[in-house]
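What follows is the residue order along each chain.
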Amino acid sequence: MIDPVTLTLWRGRLGFALLAAVLIFLALLPLGGEAGRLPGPDLLLCLLFAWMMRRPDYVPLWLVVLVFLAADILLQRPIGLWAALVVIAAEVLRARTVLMRELSFVMEWAVAAGLMLAMLVVYRTVFVLTMMPQVGLGSSLVQWLWQVVAYPAAVLFTGYMLALRKPSLGEIDAYGRRF
Amino acid sequence: MARGPNNDIELTGPFRLIVVGATVGLLVITFLLWRIEGPRAEALRARITDHIAPALAWVSAPLTWVSDVTHDFQSYARLYEQNQQLREELRQMKAWKEAALQLEQKNARLLDLNKVRLDPKLTHLTGVVLADSGSPFRQSVLINAGARDGIRDGWAAMDGIGLVGRIAGVGEKTARVLLLTDLSSRVPVTLQPSGQKAILSGDNSALPPLDFVEDPSAVAAGDLVVSAGDGGIFPAGLVVGKVVLTEDKRLRVRLEADMARLEFLRVLRSHELDPIIGAGGLLAMPPIQGPPEPTAADLGPATAAKTEDKANP
């Protein structure tokens, strides 16, 4: 028999995996996206941050690695680099779960934007160090701006559509402890 | 609440740090291996893409259909305008049709006279676009033909009109076409009236720039850009596009192929390359034994027929 708390936990993880799969498939569809267009946001990253700030237990380390490594492979990115950066960012957030719960939305937004910018800078630096061709700084910054704009949308989506909220006071986790 | 045999270990403190560090380390090593052993990693990537391609086709078919319908629906708004335009074009086409029919008959007669056989090696096969790269900074598409259809790395891909890119990454059932606009695409081209050689190097913009033009002053906007046979992979003379001069004073190319709507791609089978064996093979031809055989005489009529056929309006 499965107890309801574990069931909710696994439902949350499965939900994240499914959403990620849908986002990757949508990105792969041959609908426009030709060269020279301004890049859109990396919705997968917005989604991860939104979940990470709310219920980090729904996105365990192995799930992050699995999803973002798959994204790297399928979306023609250098394999492993972006996944490594995402894992670091996710763990930075996980280590501050208690703090994140206290933050107002505006502060949470700022934290997400700052992390995304830091990831971008490191990503581009590694590109330079390993001598790989890369797009201009402008396009990368446009993508970052889009991501910052899209973040509240991702939060709204997870909050209202999937009823994913920060745990309230006194809520217990799968092991029966308080958050 | 009972803990039970849960495989999900709660990690805390230094142990957690070690696990995270090890994961990140592994990912970074993966990245470095990819960077060093590019071809092998890309082959692996192609194989994985191969496995999800059928699923992709199922998902993409209805969605592309919806997108096409919306496009068509939007065009209803300009129905009258379009109708006028089409009538105008139809009038012009009728004149061309007459000319084409005449030329076709003439061409058939000439071919018959000369007993010309088209080069059987220059054939093509057509693939349907399944997916694009999925990332705004990579320009490539996936087509539904792969190694089992005999596709090889490096072959040229065209849409109906112009060069689109070349095959980079072949799976069993799918192949990836690296578009001319991708950051890592470099293609040797010839600029037509001036006959100059240049390299078309993609930079993720819609108008890829021309690099290494010998004499930029001899090139004018509107010049035709065709592929050069240099490197021996692309057949020479495939239409690429027209030269444009942008505001930043660079020579760029407006591609002839409709990059926004790639649906069917034509992959040209290229000639097999003779492998270069030994260091000397690159520099000098092997010494010819005895006098060369006379061959130029019997080629005369065929070339003459071709030029005449072009000169006639």
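Calculation rules
- Residues numbered from 1 in each chain as written.
- Chains lettered and ligands numbered in written order.
- Predicted model: local features only at pLDDT ≥ 70, side-chain atom pairs only at ≥ 80, totals over all residues.
- Helix = DSSP H or I, 4+ residues; strand = E, 2+ residues; numbered from the N terminus.
- Buried ≥ 20, exposed ≤ 12 C-beta atoms within 10 Å, placed from the backbone.
- Pairing = 2+ DSSP bridges.
- Domains from an automatic or database assignment.
- Contact = placed C-beta atoms within 7 Å.
- Nonpolar A, V, L, I, M, F, W, Y, C, P; charged D, E, K, R; others polar.
- Axes fitted to C-alpha atoms, helices over the stretch in contact; angles between N-to-C directions.
- Expected span 1.5 Å × (residues − 1).
- Core = buried A, V, L, I, M, F, W, Y, C linked by C-beta atoms within 7 Å.
- Parallel < 35°, antiparallel > 145°, perpendicular 65-115°, else oblique.
- Left-handed = near helix turned anticlockwise from the far one by under 90°.

**Q** Give a description of the overall build of chain A that names residues and reports values.
**A** Across its full length, chain A holds 7 helices and 0 strands. Ordered by position from N to C terminus, the α and β elements of chain A give α-α-α-α-α-α-α. By the burial criterion, 35% of the 179 residues in chain A qualify as buried.

**Q** Explain the sheet that holds strand β8 (residues 210-211) of chain B to me, and be specific about the residues and the numbers.
**A** All names here are of chain B. The strand order across the open sheet built from 6 strands is β8-β7-β6-β9-β10-β11, with neighbouring strands paired in antiparallel fashion. Edge positions in the sheet fall to β8 and β11 (251-255), since each of these pairs with one other strand and no more. Relative to strand β7 (residues 196-201), strand β6 (residues 186-191) runs antiparallel, the two being bridged by 6 bridges. Across the sheet, the residue bridging to L191 is Q196, located in β7.

**Q** So what's going on with the domain arrangement of chain B? Which residues, and what values?
**A** You can read the domains of chain B as domain 1 (18-77), domain 2 (80-117) and domain 3 (124-268). A separation of 28 Å is found between the C-alpha centroids of domain 2 of chain B and domain 3 of chain B.

**Q** Please give an account of the interface of chain B and chain A that cites residues and values.
**A** The interface of chain B with chain A comprises 44 residues on the first partner and 38 residues on the second. At the level of secondary structure, the elements contributing two or more residues to the side of chain B that touches chain A comprise α1 (13-36), α2 (38-76), β1 (124-132) and β2 (140-143) of chain B. If you tally residues by element for the side of chain B that touches chain A, the top one is α2 of chain B, at 10 residues. Residue composition of the side of chain B that touches chain A, by class: 22 nonpolar, 15 polar and 7 charged.

**Q** Lay out the sheet that holds β2 of chain B in plain terms, naming residues and giving numbers.
**A** All names here are of chain B. Taken together, 6 strands build a closed barrel; the order of strands is β1-β2-β5-β4-β3-β12 and the barrel is antiparallel. Across the sheet, the axes of successive neighbouring strands diverge by a mean angle of 45 degrees, strand direction being ignored. In the sheet, β1 pairs with strand β12 (residues 264-268) via 5 bridges, with the strands oriented antiparallel. Residue H124 lies in a different strand from β12, and its bridge partner there is L268. Packing of α2 onto the sheet brings it into contact with β1, β2, β4 (163-170) and β5 (175-179), and relative to β1 it is tilted by some 80 degrees.

**Q** Break down helix α4 (residues 81-95) of chain A for me, with residues and values.
**A** For α4 of chain A, which comprises 15 residues, the first-to-last C-alpha distance of 22 Å matches the rise-based estimate of 21 Å (1.5 Å per residue) to within 8%. Among the 15 residues of α4 of chain A, 11 are classified as buried, and the element is accordingly described as predominantly covered. All buried positions along α4 of chain A are accounted for by L81, W82, A83, A84, L85, V86, V87, A89, A90, E91 and L93 of chain A. Buried positions along α4 of chain A lie against α2 (43-54), α3 (61-74), α5 (97-102) and α6 (105-129) of chain A together with α1 of chain B.

**Q** Before we move on, could you go through the environment of A84 of chain A and cite the residues and values that matter?
**A** Residues and elements named next belong to chain A. Here A84 lies in helix α4. C-beta crowding within 10 Å serves as the criterion here: with 25 such atoms nearby, A84 is assigned to the buried category. As for A84 and V64, which are separated by 20 residues in sequence, their C-alpha atoms are 9.8 Å apart.

**Q** Describe the pairing of β7 of chain B, and please don't skip the residues or the numbers.
**A** Remember that side chains alternate between the two faces of the sheet whenever the strand is regular. Residues and elements named next belong to chain B. Counted between consecutive antiparallel strands, the loop separating β6 from β7 contains 4 residues, among which G195 sits at a positive phi close to 70 degrees. By the bridge criterion, 2 bridges tie β7 to β8 in an arrangement that is antiparallel. Across the sheet, residue L200 finds its bridge partner in β8, namely L210.

**Q** Lay out the pairing of β1 of chain B with the relevant residues and their values.
**A** When β1 of chain B meets β2 of chain B, the two strands line up antiparallel, connected through 3 bridges. Bridge pairing links A131 of chain B to L142 of chain B in β2 of chain B.

**Q** Describe the nonpolar core, naming the residues involved and giving the relevant values.
**A** By size, the foremost hydrophobic cluster in this structure holds 92 residues, and its most contacted members are L48 and V86 of chain A together with V164 and V177 of chain B. When neighbours within four sequence positions are excluded, V177 of chain B is seen to be in contact with S140, V141, I143, A157, V164, G165, R166, I167 and L265 of chain B.

**Q** Lay out unusual backbone geometry with the relevant residues and their values.
**A** Backbone phi values are negative for most residues with the exception of glycine, while trans is the configuration of most peptide bonds. A positive phi angle, close to 60 degrees, is found at Q76 of chain A, a residue other than glycine. Structurally, Q76 of chain A is set in the loop between α3 and α4. Although it is not a glycine, F212 of chain B sits at a positive phi angle of roughly 55 degrees. In this fold, F212 of chain B is placed in the loop between β8 and β9 (224-227).

**Q** Hey, could you go over the packing of α4 of chain A against α6 of chain A for me, with residue numbers and the actual values?
**A** All names here are of chain A. With their axes 10 Å apart at the nearest point, α4 and α6 run at an angle of 150 degrees to one another. Accordingly, the angle class assigned to the pair α4 and α6 is roughly antiparallel. In this structure, the crossing between α4 and α6 has a hand that is right-handed. Contacts between α4 and α6 involve L81, W82, L85, A89 and V92 from the former and L115, M119, V122, Y123 and V126 from the latter.

**Q** Can you lay out the environment of R266 of chain B for me, pointing to particular residues and giving the numbers?
**A** Residues and elements named next belong to chain B. On the secondary structure map, R266 appears in strand β12. Judged by the 14 C-beta atoms lying within 10 Å of it, R266 is partly exposed. A sequence separation of 56 residues divides R266 from L210, and the C-alpha atoms of the two residues are 24 Å apart. In this view, R266 contacts H124, T126, A157 and M158; residues no more than four positions away in its chain are not counted.

**Q** How would you sum up helix α1 (residues 4-28) of chain A? Please name residues and give values.
**A** With 25 residues, α1 of chain A extends 36 Å between its outermost C-alpha atoms, agreeing within 8% with the 36 Å of an ideal straight helix rising 1.5 Å per residue. F16, L19, A20, A27 and L28 of chain A are the residues of α1 of chain A that are buried. Residues of α1 of chain A that are buried make contact with α2 and α3 of chain A together with α2 and β1 of chain B.

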